[in-house]
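# Structural overview
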Amino acid sequence: MAAKISYDDIEVGTELPAQTFPVTRETLVRYAGASGDFNPIHWNEKFAKEVGLPDVIAHGMFTMAVAIRVVTDWVGDPGAVAEYGVRFTKPVVVPNDDKGALIEVSARVSAKLDDEARTVQIDLTAVSSDQKVLGRSRAVVRLG
Amino acid sequence: MPLDETYVGRTYPPTEPYEVGREKIREFAEAIGETNGVYTDPEVARALGYPDVIAPPTFVFSISYRAAGQVIHDPQLGLDYSRVVHGDQGFTYARPVQAGDCLSVTSTIESVRSMAGNDILVVRGDVHDKSGELVVTARTMLVARGADGK
C-alpha cells in the first residue's frame, strides 16, 4: 500500500478533484457483460418502460464503481480504500443517443479518523441531470 | 407477508471458489473507464507492493451478489424477487482482491425488517481466500416493495 497523499497534509474540508463520467447505452452493454448483470432495465427500453421507469437506467453498481474513481485517482493506490458504501437514491437515466448521461462526482474529506492508522473519511456526491443519484456515499481511506 | 425475523443470523454454506483472472479484471476495469495500470499491468501492481494486478474496489460485487442468490432465492425466506431493488451497498476491505485469488463467499442474513409495507433485508457476504483469510466483507441491502406500494 503506497498512498501518494500524506495524512499530515490533509485537513477536514479538503476537496478532491471532481470528475464527470459519461454513460451511454454502449457503456451499459459493456458493463453488463463485464459484471454479469444482464437485467434488461439496463439495456431494453421497452422493458424498462413496462416496469415504470422513464427509460433505460444505468446499473447502480456502475455509478458506485465510477464514483470511487475520484478517490482512487487522488490517492493513487486503490488498495488504500478500507471502506466504501453508498445508497442508491435515484436512477441515472440513459437516453438512446450518442451523448447518453453524465455522472458528476465530487468529494471532500469529512473527518480525520485515526492519527495512528492515518485514515480519513471522504464524503462523495454523485449527480446526474441535477438529481443526487447516490446518498450516504462515503469512503474510509488510509493515507501515507 | 412480512419476512420472518427469526431468519436473522442464518448463515448459508460457503460458495465454490471463484478464481479471479487477470483478463476478467481488465475487462471490468475497461468497462468502468479505468486507466490506472494497477488493474492491468503486473509491473505497476508490483511497484505498489502487490503480487499481481488488483481489482477495482467494486469488482467483488459480482461474486458476493451471486452468493447472495442463496438467500434471495431461499424458498423458506420467501422474498419476492420480482419486487426487489438494490437499496444500498457497502464494502469493508482487509486487502484488495487480486488476480489469482480463489474466493469463497459465506452469506449471512444480517437483518430483516419491515418498513412502510416494504421488506428490507441486509445480506452480509464474507469473502475469504483459499487460505481462509478474510479479504472483504460486502453488505447488500435489498428492498422488496410492498405489493400494493407505489
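Residues numbered from 1 in each chain as written. Chains lettered and ligands numbered in written order. Predicted model: local features only at pLDDT ≥ 70, side-chain atom pairs only at ≥ 80, totals over all residues. Heavy atoms only, no water.

An unreviewed UniProt entry lists chain B under the name UPF0336 protein FHS42_005205, with Streptomyces zagrosensis given as the organism. UniProt lists a comment for chain B under the heading Sequence similarities (unreviewed entry), and it reads "Belongs to the UPF0336 family." (UniProt positions renumbered as here; feature names shortened; annotations may be inferred.)

Going by what an unreviewed UniProt entry lists, chain A is known as Acyl dehydratase and is assigned to Streptomyces zagrosensis. Recorded in UniProt under Sequence similarities (unreviewed entry), the annotation for chain A is "Belongs to the enoyl-CoA hydratase/isomerase family."

What follows covers the overall build of chain B. Check the secondary structure of chain B and you find three helices and five strands. When the helices and strands of chain B are listed from N to C terminus, the series reads β-α-α-α-β-β-β-β. Evaluated residue by residue, chain B yields a buried proportion of 52% over its 150 residues. Residue pairs at least 24 apart in sequence account for 69% of intrachain contacts in chain B once pairs closer than 6 positions are excluded. Surface exposure of chain B reaches about 7100 Å², of which carbon and sulfur atoms provide 52%. Of the side chains in chain B, 14 bear a positive and 21 a negative charge, and the two mean positions are spaced by 2 Å. (Helix = DSSP H or I, 4+ residues; strand = E, 2+ residues; numbered from the N terminus. Buried < 20%, exposed > 50% of the residue type's maximum accessible area, 1.4 Å probe, protein only. Contact = heavy atoms within 4.5 Å. Areas by Shrake-Rupley, 256 points an atom, 1.4 Å probe, with all protein chains shown as cover. Lys, Arg positive; Asp, Glu negative; His and termini not counted. Charge placed at Lys NZ, Arg CZ, Asp CG, Glu CD.)

All right, on to the packing of aromatic side chains then. Overall, the coordinates contain five aromatic pairs over all chains when judged by the stated rule. Arranged with centres 5.5 Å apart and planes meeting at 75°, the rings of A:Y31 and A:F62 form a pair that is edge-to-face. On the criterion of sequence distance, the pair formed by A:Y31 in helix α1 (residues 25–35) and A:F62 in helix α3 (residues 60–67) is long-range, its members being 31 residues apart. Exposure class is identical for A:Y31 and A:F62. Each is buried. Ring geometry for B:F61 and B:Y65: centres 5.0 Å apart, planes at 20°, overall stacked. Taken together, the residues span about one helical turn, with B:F61 and B:Y65 both in helix α3 (residues 61–72) at a distance of four residues. (Phe/Tyr/Trp six-rings, centres within 6.5 Å; stacked < 30°, edge-to-face > 60°.)

Facing 29 residues of chain A, the contacting portion of chain B comprises 29 residues. Together chain A and chain B conceal approximately 2300 Å² of surface at their shared face, both sides included; 56% is due to carbon and sulfur atoms. Considering only the surface of chain A that becomes buried against chain B, A:A34, A:M61 and A:R69 emerge as the three largest contributors, covering 23% of it. Seen at the junction of chain A and chain B, the total is two salt bridges. We note a salt bridge from B:E34 to A:R69, for which the minimum N-O separation is 3.4 Å. On the surface where chain A and chain B come into contact, there are twelve residue pairs in polar contact (both at pLDDT 80 or more). Counting residues per element, the side of chain A that touches chain B draws most heavily on strand β2 (residues 81–88) of chain A, which supplies eight residues. Residue composition of the side of chain A that touches chain B, by class: 16 nonpolar, seven polar and six charged. Bridge count for β2(A) against strand β2 (residues 84–93) of chain B is five bridges, and the pairing is antiparallel. Bridging across to β2(B), A:E83 finds its partner in B:T92. (Buried area = accessible area lost by both parts, 1.4 Å probe. Salt bridge = Lys/Arg side-chain N within 4 Å of Asp/Glu carboxyl O. Polar contact = N/O pair within 3.5 Å; in protein donor to acceptor, adjacent residues only side chain to side chain. Nonpolar A, V, L, I, M, F, W, Y, C, P; charged D, E, K, R; others polar. Pairing = 2+ DSSP bridges.)

Along any regular strand the residues' side chains alternate between the sheet's two faces. Residues and elements named next belong to chain A. With seven bridges connecting them, strand β1 (residues 15–23) and strand β3 (residues 101–114) associate as antiparallel partners. Paired with T20 across the two strands is E104, which belongs to β3. Where β3 lies against strand β4 (residues 119–128), nine bridges are found, and the strand directions are antiparallel. Note that in β4 the partner of R108 across the bridge is D123. What sits between β3 and β4 in their antiparallel hairpin is a turn of four residues, with R118 showing a positive phi close to 55°.

What follows deals with the UniProt feature "domain: FAS1-like dehydratase" (unreviewed entry) in chain B. Following the UniProt record, one finds the feature "domain: FAS1-like dehydratase" (unreviewed entry) at residues 8–137 of chain B. Between the C-alpha atoms that bound residues 8–137 of chain B there is a distance of 17 Å. The span itself is 22% helix and 32% strand.

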